[in-house]
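Residue-level structure breakdown
For reference, the chains in residue letters:
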Amino acid sequence: MAGARPRLAVLISGQGRNLQAILDAVRDGRIAADIAGVISNRAEAGGLERARDAGVPAVVVPHTAYPTREAFDAALAAELARLRPDFVALAGFMRILGGKLIARHEGRMLNIHPSLLPKYRGLGTHAQVVANRDTEHGASVHYVTGELDGGPVAIQGRFSVSPQDTAQVLAERVMNDIELKIFPQALAWVARGELRCEGGRVRLRGATLLRPLGLADLEPEFR
Ligand code: GRF
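Now for a look at the structure at hand. It should be emphasised that the depicted structure is a prediction, and the values quoted were computed from it without experimental measurement. (Residues numbered from 1 in each chain as written. Predicted model: local features only at pLDDT ≥ 70, side-chain atom pairs only at ≥ 80, totals over all residues. Heavy atoms only, no water.)

Regarding the sheet that holds strand 5 (residues 109-113)
Note the cut-off: Pairing between strands requires that DSSP locate at least two bridges from one strand to the other. Here a strand is any run of E in DSSP of at least two residues, a helix any run of H or I of at least four, and the numbering for each starts at the N terminus. Structural elements are reduced to axes, namely lines fitted to C-alpha atoms, with helices fitted over the stretch in contact, and the angle between N-to-C directions of any two is expressed from 0 to 180 degrees.
Judged by pairing direction, the sheet is mixed, and its seven strands sit side by side in the order 3-2-1-4-5-6-7 without closing on themselves. Both edges of this open sheet fall to strand 3 (58-60) and strand 7 (153-160), since each of them pairs with a single strand only. Each strand of the sheet is rotated relative to its neighbour by a mean of 15°, with strand direction disregarded. Both strand 2 (residues 34-40) and strand 3 contribute to a ladder of three bridges, which runs parallel. Paired with Val38 across the bridge in strand 3 is Ala58.

Right, here's the structure in full:
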């Protein structure tokens, strides 16, 4: 990233467990960035309180207050622009972003998704893993493109699924064992300028990834 301390904006919709992991990693110096602000599309998102507790500016851009997707997108883009972020984290942000907004942050916006992409884009990933009797599950951090949950994957954490695992059990495991580790790690790499996405290819320290990074690539402080 250019400059000494890059500015990170975080978009949320819910509880904010991923946001908390990011706040913690920034506070203890594992992510070398400043959190410019948190934006939620839902006023009741628990993550807003986590942001305020950490002394980070948090605002709500309620999607329900706008008549069209375009109007919401424009309002969100304006709030985001105000934060002047160098990079953006979608941490459980449950709205589909418009193409213009995505294009403005292309290569500098990352999303956490609870599946082993390209498997199971969209919602209901854990239930699909159970229904299909998959033997593996996990989460992915990917760069955001105009294709929903379809951008280049940077890092993915996986584990074995047992036949008795319920969707609820899987959801907890994906969150605690995978998401809360791989997202802060990916953002730390981006903040250091080590992780980049150019021309649809992800590079770590200049080396193009032939496959997504994995749990074995986590630095000790992110394990
Ligand atoms: C996570 O599972 C994330 O992958 C999904 O929404 C959930 C967000 O949870 N898209 P939280 O708000 O970080 O607690």
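A word on helix 6 (residues 167-191)
Using the following cut-off: To estimate the expected span of a helix, count its residues, drop one, and scale the result by 1.5 Å. Take the seven residues that end at a residue and the seven that start at it, fit an axis to each, and the angle between those axes is the bend at that residue.
For helix 6, with 25 residues, the first-to-last C-alpha span of 33 Å sits near the 36 Å given by 1.5 Å per residue. Glu179 marks where helix 6 bends most, by close to 40°. Once helix 6 ends, the next one or two residues include Gly193, with phi positive near 80°.

So, the sheet that holds strand 9 (residues 201-204)
Here three strands make up an open sheet; going across it, the order is 8-9-10 and the pairing antiparallel. Looking at the sheet topology across the chains shown, the edges are occupied by strand 8 (195-198) and strand 10 (207-208).

Regarding the pattern of salt bridges
As a reminder of what qualifies: The working definition used for a salt bridge is a side-chain nitrogen of Lys or Arg within 4 Å of a carboxyl oxygen of Asp or Glu. Remark: exposure states derive from per-residue accessible area (1.4 Å probe, protein chains only) relative to the maximum for the residue type, with buried under 20%, exposed over 50%, and partly exposed in between.
In the structure shown here, the tally under the stated rule is 15 salt bridges. Linking Asp165 and Arg173 is a salt bridge whose minimum nitrogen-to-oxygen distance equals 4.0 Å. The exposure class of Asp165 is buried, given its relative accessible area of 13%. Between Arg205 and Glu219 there is a salt bridge, with the nearest N and O atoms lying 3.6 Å from each other.

A few points about the environment of Phe87
Inspection of the secondary structure assignment puts Phe87 in strand 4 (residues 87-90). Spatially, the C-alpha atom of Phe87 lies 11 Å from that of Gly193, the residues being 106 residues apart in sequence.

Re the layout of surface pockets
Using the following cut-off: A 1.4 Å probe that fits into a set of points on a 1 Å grid over the protein atoms alone but cannot get out defines a cavity; an open set with protein on both sides within 12 Å along at least five of seven lines defines a pocket, and lining residues are those with an atom within 4 Å of a point. Grid points are joined across faces, edges and corners, and a volume is the space filled by probe spheres set on the points. Each residue is assigned to one of three groups, with Ala, Val, Leu, Ile, Met, Phe, Trp, Tyr, Cys and Pro labelled nonpolar, Asp, Glu, Lys and Arg labelled charged, and all others, Gly among them, labelled polar.
Here the largest pocket is characterised by a volume of approximately 900 Å³. Surrounding the largest pocket, 36 residues form its lining, Gly92, Phe93, Met94, Ile112 and Pro114 being those nearest its centre. Broken down by secondary-structure element, the contributors of at least two residues to the lining of the largest pocket are helix 1 (17-27), strand 5, helix 5 (125-131) and helix 6. If you tally residues by element for the lining of the largest pocket, the top one is helix 6, at six residues. Tallied by class, the residues present in the lining of the largest pocket amount to 15 nonpolar, 15 polar and six charged. Within this model, the second largest pocket holds a volume of roughly 150 Å³.

Thoughts on the packing of aromatic side chains
Under the convention used in this document: Here a pair means two rings of Phe, Tyr or Trp (six-membered ring of Trp) with centres within 6.5 Å. Their orientation is stacked below 30 degrees between planes, edge-to-face above 60, and tilted elsewhere.
For the structure shown, the criterion picks out one aromatic pair. Ring plane angle 55° and centroid distance 6.2 Å describe the contact between Tyr66 and Phe72, whose orientation is recorded as tilted. Residue Phe72 is classed as buried on the basis of its relative accessible area of 3%.

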